[in-house]
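# Examination of the molecular architecture
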Amino acid sequence: MENKLFCKIYLFIVFLTCISFTICPLSAQETIVVGQVLNSADNSPIAAVNIYFKNSEKVVQSDAEGIFLIRTSDKVNTLVFSCIGFKRREIKIKSGQSVGLEMKLDEQNTLLQDVLVLPGSNPALEWMKKVRLQKKENDISRHPNYNVQSTEQNLVLMSKINQILINKRIFEQLKKGKLNESDTSMVIPLYMAQNKYRITAKEKKQLSTNIFSSPETSEKILAKLLGEVETDLNFYENVITVFGKSMVSPLSSVGNLFYDFYLADSLKANTGKQYEIHFRTKNSKNLAFDGRLWIDSTSLAITRIDAELPVQANINFIHNLRISQTFVPIFNKRWMRSNEELALNITYELLADNKQPKPEIFIKKTTSFDTSDSIMQKTDNFALSTYTEATLNEKLDNLNNTALLRTAKWLATIVLTGYIPMGKIDLGKIQQLARFTDIEGLRLNLPFRTNQKLWKNISLCGYVGYGFRNKEIKYSGIALYRLPTEKRRIIGINYTNDYRIINYNYNQLVYFENPLTTGDVDIANTILGFRSGDRMNLRKEFSASFANDWNTDIETNAYFRTNQMFANNDLPMQLGYEELTLLQYQSATFETRFSFGERTYNDHLQRIYISNYKPVFYSILEAGRYQIGTKSGNYGKVTGSIKHFVNMDFGHLNYIAETGYIFGNVPYPLLQIPFGNNKGGYGFYSFNLMHLMEYTTDRYATLHTELILNGLIMNQIPIIKTLNFREMFTFNMAYGGLSDSHKDVLPLPDYLKPLSKPYMEVGVGITNILHLFTFQSVWRLTDLNKPGVVPWKVMGSINLSF
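Keep in mind that this is a model prediction, so the values were computed, not measured.

## Structural notes on the side chain of Asn-154
- When you line up the elements, Asn-154 lands in strand β8 (residues 147-159).
- Given the relative accessible area of 4%, Asn-154 is considered buried.
- Among the polar contacts made by the side chain of Asn-154, one reaches the side chain of Glu-152 at a distance of 3.4 Å.
- Here Lys-365 takes part through its side chain, which lies 3.0 Å from a polar atom of the side chain of Asn-154.

Rendered as structure tokens:
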């Protein structure tokens with residue numbers, strides 16, 4: 001905004017100066033035009049635009065800020081703007097007048113469209129076909145013997161000034177490798193790190209790390225942020241993944257659908273002949289690149305590639321993204337990646353304050369690969385910056401005390417952990433601050449936890465709440481202690497006296513990994529959902545727990561619980577003519593989580609999972625004993641599930657599959673009850689058109705899927721494509737069975753039925769509306785004749801993503 005104002009003031013001064021000359025008799029018939037040329041896609045200035053009067057030899061060029069001035073005494077009426085990569089424009093000018101204007105040019109695919117293209121054939125397509133056939137052979141990073149050492153440098157800066165020109169200049173310098181000394185004062189270093197890895201075809205193992213960042217806050221924010229930047233940027237794969245978004249590689253098996261290719265040049269190198277091929281996305285809204293690559297004519301391997309995402313691409317917050325890789329020959333005509341650079345800048349509103357509501361964050365990742373065992377070199381200039389290690393520590397210490405980072409500390413902690421920092425005690429989780437239910441009416445809670453500022457290895461947490469309708473106080477308390485061992489081992493005890501949703505599942509591990517979800521009635525699904533929570537019952541729970549990390553990929557949690565579930569109208573317990581008051585049970589549960597190279601962040605005694613594009617497996621074993629009335633019995637549960645975020649050429653697929661079996665006869669509250677919708681809005685973990693407590697089962701399989709495309713259809717529609725909408729498709733299924741013998745322990749309520757045939761629902765919708773909202777039409781496909789069934793509904797939700 002400040003930059004636009006400056007340019008307008010500058011142009012106004014120039015324009016007034018020009019007018020002052022036009023009042024002189026000698027130049028009364030002179031035509032003068034002053035203005036600025038901008039890119040219509042992002043309003044950035046365009047330099048070196050040829051500007052001339054039609055049928056005139058007078059030509060000028062716009063400067064680095066797109067500003068120009070052209071004048072002539074000839075009788076002219078048409079001004080022409082021409083620049084490589086942009087559509088040519090003409091405007092009418094009245095001869096003899098002084099004019100000020102702002103001209104916006106549209107980008108155009110002018111990249112070598114006629115170079116070396118013969119009628120009926122395109123040699124670039126033939127070469128790309130050959131390269132794709134050799135992908136598996138040339139991608140040596142997937143070969144069993146691949147073993148290299150890499151040094152990765154991460155640099156994260158924030159611009160002090162929200163000006164398009166300055167931010168663009170900073171990005172251009174980062175692309176080239178280093179900031180000019182005069183521009184270092186315009187940025188704040190937020191995070192700098194050097195990491196050393198040993199990389200094989202199966203794993204990437206960190207050997208050492210050297211991190212410079214602002215204490216606490218920057219590491220919370222930026223560890224999460226950098227965790228979303230996939231470090232394995234392999235163009236031999238079909239997609240390149242950054243911030244969870246799949247970008248189609250030019251070498252993808254479907255690359256010809258997304259790219260135009262042009263053979264630009266051939267050149268002789270020490271290793272033989274190489275071909276230079278330019279590629280450009282067919283639709284600038286698609287997540288596909290513009291750039292060029294060089295291929296070795298003998299091996300058909302990539303020797304170098306430069307790729308840049310168009311600014312119009314259907315991706316949120318990211319304004320520039322450039323990836324560059326170079327390869328070197330090694331043996332048997334193989335080429336190995338030697339250097340890799342990724343540069344991008346984003347609008348990251350977690351770091352916003354009143355001075356910078358939309359701060360620009362610049363990220364530069366540089367990786368060098370070496371087959372030798374050389375030691376990472378220590379340089380005076382750290383992580384591509386102009387700062388020495390001594391001055392860097394001082395700057396980052398001072399940065400932590402600025403208003404910017406104090407504000408960021410609050411916002412980042414809330415979003416990433418669910419807690420509000422308040423000195424030695426955190427307020428939260430924020431979802432527990434309030435709720436509105438049929439039993440309690442409005443209920444206000446005071447949730448809290450102690451943090452590492454009070455005790456390093458101890459955390460006391462819980463909440464106290466008061467319901468204004470039933471005038472009851474409810475509470476929960478947890479004590480956690482981390483053992484002084486190298487591996488993460490935590491013991492804990494918990495007691496809760498509170499109302500919960502009647503089908504609350506203590507073992508829903510996948511759901512609980514999101515720090516902003518509770519799996520219970522909370523502020524999000526009642527007050528913010530404009531509804532009252534229902535179907536709840538009183539519970540008294542005691543548990544002891546032990547968490548253990550076996551290694552970086554496997555962790556186990558053990559729980560020993562003794563619970564009391566009290567009957568009410570929503571959870572009736574009637575055996576014959578006898579009204580029972582409560583169900584008691586004791587259980588031992590062992591939950592194990594298996595992942596593969598997943599990054600995590602430990603916020604005091606809370607674990608946060610950063611990013612993972614490989615499947616995560618869960619196994620749950622539970623054994624217990626129940627007592628209800630005069631009846632008692634033993635039971636067992638076995639559950640297995642998988643969660644996977646799959647990137648594809650045209651979008652991504654998110655799915656969760658689970659199966660389980662219950663041994664023994666149990667009262668119905670201990671059976672598996674698929675999670676129906678009690679929120680009104682769409683939920684990925686819910687069966688959205690299934691009633692709460694509609695079905696129950698003792699052996700089951702469930703599947704939740706969500707396919708989101710990168711605007712594959714919407715990007716083709718004029719006007720609509722500028723909104724960056726994305727297509728969304730969902731499919732949910734549940735299937736199982738139920739033994740009649742469970743009814744001998746406790747009969748099922750009338751509303752709860754066995755899941756005797758598959759339940760299925762599908763949805764079609766649009767997401768990324770205003771970068772935040774999702775709406776979809778959901779159809780229920782089975783069991784449509786039951787009373788109260790809603791076969792179709794339009795549902796919405798809030799979903800923030802890149």
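## Some details on the confidence of the model for the protein chain
- Predicted confidence across the protein chain gives a mean pLDDT of 82, with 81% of residues reaching 70 or more.
- Predicted confidence for residues 1-6 stays below pLDDT 50, and this span has 10 contacts to residues more than four positions away or in other chains.
- The model gives residues 350-354 a pLDDT under 50, and that stretch makes 17 contacts with residues more than four places away or in other chains.

## With respect to a nonpolar patch on the surface
- A cluster of nonpolar side chains, contributed by Leu-442, Leu-444, Val-464, Tyr-466, Phe-468, Ile-473, Tyr-475, Ile-493, Tyr-495, Ile-527, Leu-528 and Phe-542, occupies part of the molecular surface with about 1100 Å² of accessible area.
- Counting only elements with at least two residues in the nonpolar patch, the list comes to β23 (441-450), β24 (458-467), β25 (472-482) and β26 (489-501).

## Topic: the sheet that holds strand β3 (residues 59-61)
- Here we have 4 strands laid out as an open sheet, ordered β3-β2-β5-β6, and antiparallel in their pairing. Strand pairing shows two members of the sheet lacking a second neighbour, β3 and β6 (89-92), which therefore form its edges. Averaged over all pairs of adjacent strands, the angle between strand axes in this sheet comes to 20°, irrespective of strand direction.
- Across 3 bridges, strand β2 (residues 50-53) lies against β3 in antiparallel orientation. What sits directly across from Tyr-52, in β3, is Val-59.

## What to know about the packing of aromatic side chains
- With the rule as written, the count across this model stands at 14 aromatic pairs.
- A centroid spacing of 5.4 Å and a plane angle of 70° characterise the contact between Phe-684 and Tyr-685, whose relative ring orientation is edge-to-face.
- Ring centres 6.3 Å apart and planes at 55° place the aromatic pair Tyr-695 and Tyr-759 in the tilted group. You can see Tyr-695 sitting in strand β37 (residues 695-696) and its partner Tyr-759 sitting in strand β41 (residues 759-769), a full 64 residues away along the chain. Comparing Tyr-695 with Tyr-759, the two get one shared label, buried.
- What links up through ring pairs into an aromatic cluster is the set Tyr-259, Phe-261 and Phe-279.
- Over the ring of Tyr-504 we find Arg-500; its NZ or CZ atom is 4.2 Å from the centre of that ring.

## A closer look at unusual backbone geometry
- Cis rather than trans, the peptide bond between Gly-428 and Lys-429 has omega equal to 20°.
- Of note, Lys-429 is situated in the loop between β21 (425-428) and β22 (434-437).
- The backbone phi angle of Arg-535 is positive, close to 55°, even though this residue is not glycine.
- One can find Arg-535 in the loop between α9 (509-512) and β27 (536-549).
- If you check the backbone angles, Ile-719 has positive phi at about 70° while not being a glycine.
- Within the secondary structure, Ile-719 is located in the loop between β38 (699-709) and β39 (726-737).

## Considerations on the nonpolar core
- In this structure, Ile-277, Phe-289 and Leu-321 are the most contacted members of the largest nonpolar core, which totals 47 residues.
- Core analysis: the next-biggest nonpolar cluster, separate from the first, contains 31 residues, Tyr-499, Leu-580, Leu-583 and Val-745 among them.

## Some words on the sheet that holds strand β4 (residues 67-72)
- Read across the sheet, 3 strands follow the order β4-β1-β7 without closing on themselves; strand pairing throughout is mixed. The open sheet is flanked by β4 and β7 (98-105), the only strands paired with a single partner. Sheet twist, expressed as the mean angle between neighbouring strand axes with direction ignored, is 25°.

## So, the environment of Gly-255
- Its place among the elements puts Gly-255 in helix α6 (residues 255-258).
- The exposure class assigned to Gly-255 is buried, which follows from its relative accessible area of 0%.
- On a C-alpha basis, the gap between Gly-255 and Val-239 in space is 9.9 Å, while along the polypeptide they are 16 residues apart.
- Ignoring sequence-local partners within four residues, the contact set of Gly-255 consists of Arg-132, Ser-249, Pro-250 and Phe-261.

## Quick look at the pairing of strand β35 (residues 631-648)
- Judged from the 13 bridges that link them, strand β34 (residues 616-628) and β35 form a sheet pairing that is antiparallel. The residue of β35 that forms the bridge with Arg-625 is Asn-634.
- Two strands pair when backbone bridges link them, and β35 and strand β36 (residues 651-663) are joined in this way by 13 bridges, in the antiparallel orientation. When the bridges of β36 are listed, Met-648 appears paired with Gly-651.
- In this antiparallel pair of consecutive strands, β35 and β36, the connection spans 2 residues.

Parameters at a glance
- For every chain, the first residue of its written sequence is number 1, and the numbers climb from 1 along that sequence.
- This being a predicted model, a pLDDT of at least 70 is required before a residue's local features are given, and a value of 80 or more before pairs of side-chain atoms are given or counted; all residues contribute to the totals for chains, interfaces and linings.
- Excluded from the side-chain calculation are hydrogens and water; included are all heavy atoms of the structure.
- The secondary structure listing takes helices from DSSP runs of H or I that are at least 4 residues long and strands from runs of E that are at least 2 residues long, numbered from the N terminus.
- Relative accessibility decides the category of a residue: with a 1.4 Å probe and only protein chains considered, values under 20% of the type maximum give buried, values over 50% give exposed, and everything between is partly exposed.
- Pairs of N or O atoms within 3.5 Å make up the polar contacts considered here, provided that, within protein, one atom can donate a hydrogen while the other can accept it, and that residues adjacent in sequence are counted only when both atoms are side-chain atoms.
- The predictor rates its confidence in each residue with pLDDT, a number between 0 and 100.
- What makes two residues a contact is simply this: any of their non-hydrogen atoms within 4.5 Å.
- To count toward a patch, a residue needs a relative accessible area above 30% and no salt bridge. Like charges then connect within 9 Å, nonpolar side chains (Val, Leu, Ile, Met, Phe, Trp, Tyr) within 5 Å.
- Residue exposure ignores everything except the shown protein chains as possible cover, and the areas themselves are Shrake-Rupley values with a 1.4 Å probe.
- When a carboxyl oxygen of Asp or Glu lies within 4 Å of a side-chain nitrogen of Lys or Arg, that pair is called a salt bridge.
- For two strands to count as paired, DSSP must find a minimum of two bridges between them.
- Only the stretch in contact is used when fitting a helix axis, every axis being a line fitted to C-alpha atoms; angles between N-to-C directions are given from 0 to 180 degrees.
- Two rings from Phe, Tyr or Trp (for Trp, the six-membered ring) form a pair when their centres sit within 6.5 Å of each other. Planes less than 30 degrees apart are called stacked, planes more than 60 degrees apart edge-to-face, and all others tilted.
- Counted as over-ring charges are cases with an Arg CZ or a Lys NZ within 6 Å of the ring centre that also lie within 35 degrees of the ring normal.
- The definition of a nonpolar core used throughout is a set of buried Ala, Val, Leu, Ile, Met, Phe, Trp, Tyr and Cys residues joined through side-chain atoms within 4.5 Å.

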